[in-house]
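# Understanding the architecture of this molecule
As a plain string of letters, each chain reads:
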Amino acid sequence: MIFIVVKFPVKPEMADQWPELTREFTEATRAEPGNKWFDWSRSLDDPNEYVLVEAFDDDAAEAHVKSDHFQAATAEGGPMHSALAATPKIISRQIDGDDWDAMGELQIG
């Protein structure tokens, strides 16, 4: 399983619109085979930052990045790209196992 956390710094004028801008992308990703978890939350520290937590089967993560909906959402001029204030920061971890018990503790600091 691949566990990924992505921090998205969003332009202040777009922050309240972020959930709607990413709705189609989110729904399409959640429907992908091999997707185990995909959820957004707004940062408690910065109202202009969203955090995405996602988990995929090992072979599904690469297919996700190559998917049409990923390419459309992240392309220059696409809904996500246009709303970003800076480049997203990505943390990922390969986990041996296929369930949450295999993850153990992951500290992000």
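Note that this is a predicted model, so its numbers are computed, not measured.

Take the sheet that holds strand β2 (residues 35-42) next. Judged by pairing direction, the sheet is antiparallel, and its four strands sit side by side in the order β2-β3-β1-β4 without closing on themselves. Across the chains shown, the open sheet's two edge strands, defined by having one partner strand only, are β2 and β4 (89-94). Adjacent strand axes in the sheet meet at a mean angle of 10°, parallel and antiparallel pairs treated alike. The pairing of strand β1 (residues 2-9) with strand β3 (residues 49-56) spans eight bridges and is classified as antiparallel. When the sheet's bridge partners are listed, F3 is paired in β3 with A55. This element, helix α3 (residues 58-66), spans β1, β3 and β4 of the sheet and lies at about 130° to β3.

Let us now look at the nonpolar core. Of all hydrophobic cores here, the largest spans 21 residues; its most connected members are F8, V10, W18, F25, W40, L52 and M80. Looking at this core, the elements with two or more residues in it are β1, β2, β3, α3, α4 (68-74) and α5 (79-83). Ranked by residue count, the leading element in this core is β1, at four residues. With near-sequence residues (within four places) excluded, F25 lies in contact with F38, W40, H64, H69, F70, A73 and M80. If you look at the next biggest cluster of nonpolar residues, it comprises five residues, including F3, V5, V51 and A55.

Turning our eyes to something else, we now look at the pattern of salt bridges. Applying the stated criterion to the full structure yields seven salt bridges. If you follow the salt bridges from partner to partner, you end up with E20, R23 and E27 in one network.

How each quantity is defined
Residues numbered from 1 in each chain as written. Predicted model: local features only at pLDDT ≥ 70, side-chain atom pairs only at ≥ 80, totals over all residues. Heavy atoms only, no water. Pairing = 2+ DSSP bridges. Helix = DSSP H or I, 4+ residues; strand = E, 2+ residues; numbered from the N terminus. Axes fitted to C-alpha atoms, helices over the stretch in contact; angles between N-to-C directions. Contact = heavy atoms within 4.5 Å. Core = buried A, V, L, I, M, F, W, Y, C linked by side-chain atoms within 4.5 Å. Buried < 20%, exposed > 50% of the residue type's maximum accessible area, 1.4 Å probe, protein only. Salt bridge = Lys/Arg side-chain N within 4 Å of Asp/Glu carboxyl O.

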